[in-house]
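Chains, contacts and geometry: an overview
Listed below are the residues making up each chain.
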Amino acid sequence: MTDTAQYADSALEAVHRLNQTAEQLIQEPASEVLLISAMTHYISVRQTLTADAPSGATLAALARTEQFIAAAADAYYRQLPNGTKTSLDNAERAALFGNRLMALDGIGPATTRELFERGIFTPEQLFAIPVQSLETLDLQPASLARITSLHSAHQAKTPD
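Notes on the structure follow. (Residues numbered from 1 in each chain as written. Predicted model: local features only at pLDDT ≥ 70, side-chain atom pairs only at ≥ 80, totals over all residues. Heavy atoms only, no water.)

1. With respect to the overall build of the protein chain
In terms of regular secondary structure, the protein chain is built from eight helices and zero strands. Of the regular secondary structure in the protein chain, the N- to C-terminal order runs α-α-α-α-α-α-α-α. Here the C-alpha coordinates of the protein chain stretch approximately 60 × 35 × 25 Å along the principal axes. Long-range contacts, defined as pairs at least 24 residues apart, comprise 52% of the intrachain contacts of the protein chain with a sequence gap of at least 6. As displayed, the protein chain has an accessible area near 9,200 Å², and 55% of this comes from carbon and sulfur atoms. (Helix = DSSP H or I, 4+ residues; strand = E, 2+ residues; numbered from the N terminus. Contact = heavy atoms within 4.5 Å. Areas by Shrake-Rupley, 256 points an atom, 1.4 Å probe, with all protein chains shown as cover.)

So this is what it looks like as structure tokens:
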């Protein structure tokens, strides 16, 4: 088997596994195990496909898939009663599901972890917070400065 054929088989298998877990997320109530599996499969597909300069349509589909998994994780963790023990601590959860937040300029793992601790899992949730309410998030000063700057830049770009 050639390298190209092995790559194609590997890519197809990764996409198949991701498709199966995404279908489970659609059809069944989410569980932490399923969410971890879905994101792990997503990361595998992204790494496999982005190594070969995928098309814009492929990159858009990957972005939508990641957004779907992050939204499912957000919904799952929000419905848990306060104090519920999970297999992932906040740092692990932010590392696994926080890529969309970390894609924002200036947002790193520490700020993402702080946002996750406050129930903010996506850029959309962050930008939906009124600017005057950002200080109530009680973030570290450096994180608050980055968030405020990003929020202001986003508001300037987005018409009312």
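This is not the end of the story, as more comes after the structure.
2. So, the environment of Glu117
Residue position: Glu117 is located in helix H6 (residues 109–117). Classification of Glu117 as partly exposed rests on a relative accessible area of 45%. (Buried < 20%, exposed > 50% of the residue type's maximum accessible area, 1.4 Å probe, protein only.)

3. With respect to the nonpolar core
What tends to happen in soluble globular proteins is that the nonpolar side chains get buried as a cluster. Ile69, Tyr77, Phe97 and Leu126 are the most contacted members of the largest nonpolar core, which has 38 residues in total. Mapped by element, the contributors of at least two residues to this core are helix H1 (3–27), helix H2 (32–50), helix H3 (56–79), helix H4 (90–97), H6, helix H7 (123–128) and helix H8 (141–157). What Leu126 contacts, discounting residues up to four positions off in sequence, is Leu104, Leu115, Ile120, Ile147 and His151. (Core = buried A, V, L, I, M, F, W, Y, C linked by side-chain atoms within 4.5 Å.)

4. Examining H6
Those residues of H6 that fall on the buried side of the exposure criterion are Thr111, Thr112, Glu114, Leu115 and Phe116. At its buried positions, H6 is contacted by H4, helix H5 (99–102), H7 and H8. After H6 finishes, the residue Gly119 shows a positive phi value of roughly 80°.

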